[in-house]
Amino acid sequence: TVIVEAVNEHGKAFAIRYDHQQLADGTAPPVLAFSEALPPGTYTLHADAVAEVSPGVIYRDHIEQAGLSVPAP
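In this text, all values refer to a predicted model and were calculated from it rather than measured experimentally. (Residues numbered from 1 in each chain as written. Predicted model: local features only at pLDDT ≥ 70, side-chain atom pairs only at ≥ 80, totals over all residues. Heavy atoms only, no water.)

Caption draft 1: Summary view of the overall build of the chain. Along the chain, the regular secondary structure elements total 0 helices and 4 strands. What you see in the chain, going N to C, is helices and strands ordered as β-β-β-β. Over its C-alpha atoms the chain spans a radius of gyration of 15 Å, topping by over 25% the 11 Å that the globule rule assigns to 73 residues. Summarising its shape, the C-alpha atoms of the chain cover approximately 45 × 20 × 15 Å along the three principal directions. In the chain, which comprises 73 residues, the share counted as buried stands at 14%. (Helix = DSSP H or I, 4+ residues; strand = E, 2+ residues; numbered from the N terminus. Rg over C-alpha atoms; globule rule 2.2 N^0.38 Å. Buried < 20%, exposed > 50% of the residue type's maximum accessible area, 1.4 Å probe, protein only.)

Next comes the structure, spelled out in structure tokens:
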């Protein structure tokens, strides 16, 4: 399961991706497409992934990227 949120400079969060897939062992990770339009501003992106890699073994990861900018149209 992958959850991606963008948080603007005012603290407002936008969920821009939620994906839950079952992948066979040895399968390449899928490409995640994003089509949501965010309001202009500066964002910090938070991406969290959780997976059961074998029975009873859970993998968790969190990535954070600050300073992403969405310009005004």
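Caption draft 2: Up close: the packing of aromatic side chains. Taken as a whole and assessed by the stated rule, the structure comprises 1 aromatic pair. Relative to Tyr 43, the ring of Phe 14 lies with its centre 6.1 Å away and its plane at 70 degrees, an arrangement referred to as edge-to-face. With Phe 14 in strand β2 (residues 13–19) and Tyr 43 in strand β3 (residues 41–54), the pair connects residues that are 29 residues apart, well separated along the chain. Each member of the pair, Phe 14 as well as Tyr 43, carries the same accessibility label: buried. (Phe/Tyr/Trp six-rings, centres within 6.5 Å; stacked < 30°, edge-to-face > 60°.)

Caption draft 3: Main features of the sheet that holds β2. As summarised here, the arrangement of the 4 strands in space is β2-β1-β3-β4, forming an open sheet in which the pairing is antiparallel. The open sheet has two edge strands, β2 and β4 (57–70), and neither has a second partner. In this sheet, adjacent strand axes meet at a mean angle of 15 degrees when their direction is disregarded. (Pairing = 2+ DSSP bridges. Axes fitted to C-alpha atoms, helices over the stretch in contact; angles between N-to-C directions.)

Caption draft 4: Inspection of the pattern of salt bridges at higher detail. Applying the stated criterion to the full structure yields 1 salt bridge. One salt bridge connects Arg 17 with Asp 19, and the closest N-O pair in it is separated by 3.3 Å. On the basis of relative accessible area, Arg 17 is assigned to the partly exposed category, the value being 22%. (Salt bridge = Lys/Arg side-chain N within 4 Å of Asp/Glu carboxyl O.)

Caption draft 5: The environment of Ile 58, seen in detail. In this structure, Ile 58 sits in strand β4. Look at Ile 58 and you get partly exposed, because its relative accessible area is 40%. The sequence separation of Ile 58 and Thr 27 amounts to 31 residues, and the corresponding C-alpha distance is 17 Å. Leaving out residues up to four positions away in the same chain, Ile 58 has contacts with Val 50, Ala 51 and Glu 52. (Contact = heavy atoms within 4.5 Å.)

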